[in-house]
Amino acid sequence: MDFADFAARAEEIEAESADLEITALVRDLFEESNDDLPIVARFVQGRVFPAWDSTTLDIGPNLCYEAIARAAGPNVTAADVEDRLAETGEIGEVAASYEFGGQRGLASFAGGGRDGLTVSEVDRSLRDLAAAEGSGSRDRKLDVLFGLFNRSSPAEARYLARLVLSEMRIGVGEGTVRDAIAEAFDAPVAAVERALQVSNDYGRVAELAREEGEAGLEGVQLEIGRPVQAMLAQAGTVGDALEAWGTVAVETKYDGARVQVHYDGEAVSVFSRNMEDVTDALPEIVEFVEENVGPPAILDGEVVAVEPREEGDGVRPLPFQEVLRRFRRKHDVGRMRGEVTLWLHAFDCLHADGEDLLEAPLTERYERLTEVLDGGVSKLTLTDDSEEIAAVEAAALEDGHEGIMLKNPESEYTPGRRGKNWLKRKPDVETLDLVVTGAEWGEGRRAKFLGTFLLSARTESGYETIGKVATGITDEKLAELTGLLEPEIEAQDGKDVTIRPSVVFEVGYEEIQRSPTYSSGYALRFPRFVAVREDKDPDDADTLERVERLAGSSNAT
Ligand code: AMP
């Protein structure tokens, strides 16, 4: 296909505002594209490389202005190009405003013989340009780009400039391309979508749809070394999760950087959340994978910066900013490795032992994860009990992590989607400071600790109960709380003890409901232990009146 034809189509698409019409125009473009279909399917989105490929053209705006200026003639400078850009605000408009390659004019006037660009030629030149590196690479890039502009008509120059600066913006999103592929080659949208998710290559999927139809699309498999988009989470509550799924898969939410790890037995590749190749910056993750992962495998997880705990017992996670000091680093990787230690927490498995697992339920993927990875597997707790969820959360926070993730145990891995199957538990909006008036002794190994605590709100005449909070945190924390509360025990009945009001807990919750279970007439839904308010006496604790007010406002919303 001539690049001029592509530019003409791009112009038509850009002028159209109705989505259905845009899809129809893209469909027509795909139908006309013949051998260039893969390239056209990328160009139309302003891409030269497939999404899984981290290669970039590495053409800064200045280089582009220089190339345009050079092609526009001896009287034009890069500064002139920038001035025009300041006026019009759009590089395509500026590029189209010059008359390039004066020597070409006569031939085209005579009809035929014009040295026109083709789509595949533009693609090849840009790939050559991307491959240029080392000394002299800037000049080489400039030469190639100049050569392309010099042979461009104004319309071609408009889309060439936008393509090289990744600013195509003709209104063609990923959904449009998906639908256009489906329409052009009579394939089900869902099959196109799945193939796109798995391959991250619009060009290849378009070609497969045309050559092999639905069966070809369904045969698309993950490839080790080519990243897929990460599955994303939405904010949600424990209540949402339990209501929707019954049983919930709960795990720590790590405060680090998302990684997808690929290992074929020879090479390890590590990709960021945006599918950027960050392998070289993370040598210890590479070593860890080489030593502990059974190939071939694709794992999903989080890399966290850690430091040894002073107590000499394991490591403590550091804030996410510390990971960033390592993540995309190109220089001084060795030195920084000494300064910031990284750990991998893997929580999902997309491929194991030659088998793609995207469509397998989470529980099965997790099982496979534990089989291919030795150590570094995030702990997954399956439960239908909100107290157990609260305990996992308390333990995660106690260990210095960000919170918890709630996942649907039956759900598939849906790349790139912010679906409802992964919920990051929302932080509590408001907390209450409540008095501990009772407790229960733990069981088994924890029989010597007080485990569940009865909470009360203050009234004019005393205290009224409102809920229980389980603090199934670390043994250390339980010992500390037991030490604090045991001297205050007033009475004991089996495992239940009554405690003299003296200690105040800060407690989070998702909702306050009316309930006959507790003497206050209210109950906290999904209470969560936050901290001991050492600075507060029972007289400073929250009142039942405040609880009533909060319940009123939460019911009103
Ligand atoms: P957010 O960045 O707030 O949208 O939260 C979602 C992110 O949390 C994911 O993209 C992951 O990078 C990160 N994350 C941390 N721990 C987990 C986990 N156990 N499961 C899934 N994502 C996690």
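Residues numbered from 1 in each chain as written. Predicted model: local features only at pLDDT ≥ 70, side-chain atom pairs only at ≥ 80, totals over all residues. Heavy atoms only, no water.

## Considerations on the nonpolar core
Generally speaking, a soluble globular protein has its nonpolar side chains buried in company with each other. Convention followed: Buried Ala, Val, Leu, Ile, Met, Phe, Trp, Tyr and Cys residues form a nonpolar core when they are joined through side-chain atoms within 4.5 Å. Relative accessibility under 20% of the residue-type maximum defines a buried residue, over 50% an exposed one, and the middle range a partly exposed one, all with a 1.4 Å probe and only protein chains included. A helix here means a DSSP run of H or I that spans at least four residues, while a strand means a run of E at least two residues long, and both kinds are numbered starting from the N terminus. Note: domain ranges come from an automatic or database domain assignment. Any two residues whose heavy atoms approach within 4.5 Å are treated as being in contact.
Counting residues in hydrophobic clusters, the biggest one holds 89 residues, and the most contacted among them are Phe-6, Phe-30 and Phe-149. Ranked by residues supplied to this core, first place goes to helix α4 (residues 61–72) with eight residues. Built from parts of two domains, this core gets at least three residues from each of domain 1 (47–164) and domain 2 (232–425). Residues in contact with Phe-149, not counting those within four places in the same chain, are Cys-64, Ala-67, Ile-68, Ala-71, Ala-95, Phe-100, Ala-157, Leu-160 and Ala-161. Counting residues in each nonpolar core, the second largest holds 36 residues, with Tyr-263, Ala-305, Leu-344 and Leu-369 among its members.

## Observations regarding the domain arrangement of the protein
For interface size, the figure often reported is the accessible area lost on association. The assigned domain composition of the protein is domain 1 (47–164), domain 2 (232–425) and domain 3 (431–556). Measuring from the centre of the C-alpha atoms in domain 1 to the corresponding centre in domain 2 gives 43 Å.

## Quick notes on the pattern of salt bridges
Where we set the bar: Every case where a carboxyl oxygen of Asp or Glu lies within 4 Å of a side-chain nitrogen of Lys or Arg is listed as a salt bridge.
According to the stated counting rule, one finds 47 salt bridges in the structure shown. The salt bridge involving Glu-359 is made with Arg-194; its shortest N-O contact spans 3.4 Å. One end of the pair, Glu-359, is in the loop between β8 (355–356) and α18 (362–372); the other, Arg-194, is in helix α12 (residues 189–199), and 165 residues separate them in sequence. Glu-359 gets classed as partly exposed once you look at its relative accessible area, which sits at 48%. Note on Arg-194: relative accessible area 22%, which makes it partly exposed. With its nearest N and O atoms 3.2 Å apart, the salt bridge here joins Glu-307 to Arg-316. Judged by relative accessible area, which is 29%, Glu-307 ranks as partly exposed.

## Topic: the pairing of strand β13 (residues 450–458)
Quick reminder of the rule: A pair of strands is treated as paired once DSSP finds two or more bridges between them.
β13 sits mainly inside the fold: seven of its nine residues count as buried. In the sheet, strand β12 (residues 431–441) pairs with β13 via six bridges, with the strands oriented antiparallel. Within the sheet, the bridge partner assigned to Ala-439 lies in β13 and is Phe-453. Where β13 lies against strand β14 (residues 463–470), seven bridges are found, and the strand directions are antiparallel. Counted as the bridge partner of Leu-454 is Lys-468 from β14. Between β13 and β14, which pair antiparallel in sequence order, lie four residues.

## With respect to the packing of α4 against helix α9 (residues 137–150)
This is how the line gets drawn: Axis definition: a line fitted to C-alpha atoms, over the contacting stretch in the case of helices. Angles run 0 to 180 degrees between N-to-C directions. Throughout this description, any angle smaller than 35 degrees is read as roughly parallel, any larger than 145 degrees as roughly antiparallel, any in the 65 to 115 degree range as roughly perpendicular, and the remainder as oblique. Crossing handedness follows the turn of the near helix against the far one: under a right angle anticlockwise gives a left-handed crossing, and clockwise gives a right-handed one. Three categories are distinguished: nonpolar for Ala, Val, Leu, Ile, Met, Phe, Trp, Tyr, Cys and Pro, charged for Asp, Glu, Lys and Arg, and polar for the others, with Gly belonging to the last.
At a minimum axis separation of 8 Å, α4 and α9 run at an interaxial angle of 50°. Our classification of the angle between α4 and α9 gives oblique. By crossing handedness, the relation of α4 to α9 is classed as right-handed. Between α4 and α9, the contacting residues are Asn-62, Leu-63, Cys-64, Glu-66, Ala-67, Ile-68, Arg-70 and Ala-71 on the first element and Arg-138, Lys-141, Leu-142, Asp-143, Leu-145, Phe-146, Phe-149 and Asn-150 on the second. Tallied by class, residues from the contact of α4 with α9 come to nine nonpolar, two polar and five charged.

## Quick look at α12
Among the 11 residues that make up α12, eight are buried, leaving the element largely enclosed by the rest of the structure. Three or more residues of α12 are buried, namely Ala-191, Val-192, Glu-193, Ala-195, Leu-196, Gln-197, Val-198 and Ser-199. Buried positions along α12 lie against α11 (174–185) and α13 (202–218). Count one or two residues on from α12 and you reach Asn-200, which has phi positive near 55°.

## Considering the site of the ligand
Note the cut-off: One heavy atom within 4 Å of a molecule or strand makes the whole residue count as near it. We define a polar contact as two N or O atoms separated by no more than 3.5 Å, with the added condition that, inside protein, one atom must be a possible hydrogen donor and the other a possible acceptor, whereas residues neighbouring each other in sequence contribute only through side-chain atom pairs. To measure how exposed things are, a 1.4 Å probe is used in the Shrake-Rupley method; for residues, cover is taken only from the protein chains shown.
Near the ligand lie 13 residues; those nearest to it are Thr-252, Arg-258, Glu-302, Lys-407 and Lys-424. At 3.3 Å, a side-chain N or O of Lys-253 approaches an oxygen atom of the ligand. Contact distances for the ligand include 2.6 Å between an oxygen atom and a side-chain N or O atom of Glu-302. Isolated, the ligand exposes 490 Å² of accessible area, and the fraction of that covered by the protein chains is 87%. Every element with two or more residues in the shell around the ligand is listed here: β2 (248–253), β10 (403–407) and β11 (418–425). Its residues placed into classes, the shell around the ligand shows four nonpolar, one polar and eight charged.

## As for the environment of Ala-79
Here Ala-79 is to be found in helix α5 (residues 78–88). By relative accessible area, Ala-79 is classed as partly exposed at 45%.

## Quick word on the pairing of strand β17 (residues 504–508)
Strand residues, when the strand is regular, have side chains that alternate between the two faces of the sheet. Of all the five residues making up β17, five are buried; the element is thus mostly covered by neighbouring parts of the structure. Alternating residues of β17 divide into Val-504, Glu-506 and Gly-508 and Phe-505 and Val-507, and every residue in both groups is buried. Alignment of β12 against β17, held across five bridges, turns out to be antiparallel. Paired with Leu-434 across the two strands is Phe-505, which belongs to β17.

## Some points on the confidence of the model for the protein
Going by this rule: pLDDT: the predictor's confidence for each residue, scored from 0 to 100.
Averaged over all residues, the pLDDT of the protein is 92; the fraction at 70 or higher stands at 96%. Across residues 103–113, where pLDDT falls below 50, the model places nine contacts with residues more than four positions away in sequence or in other chains.

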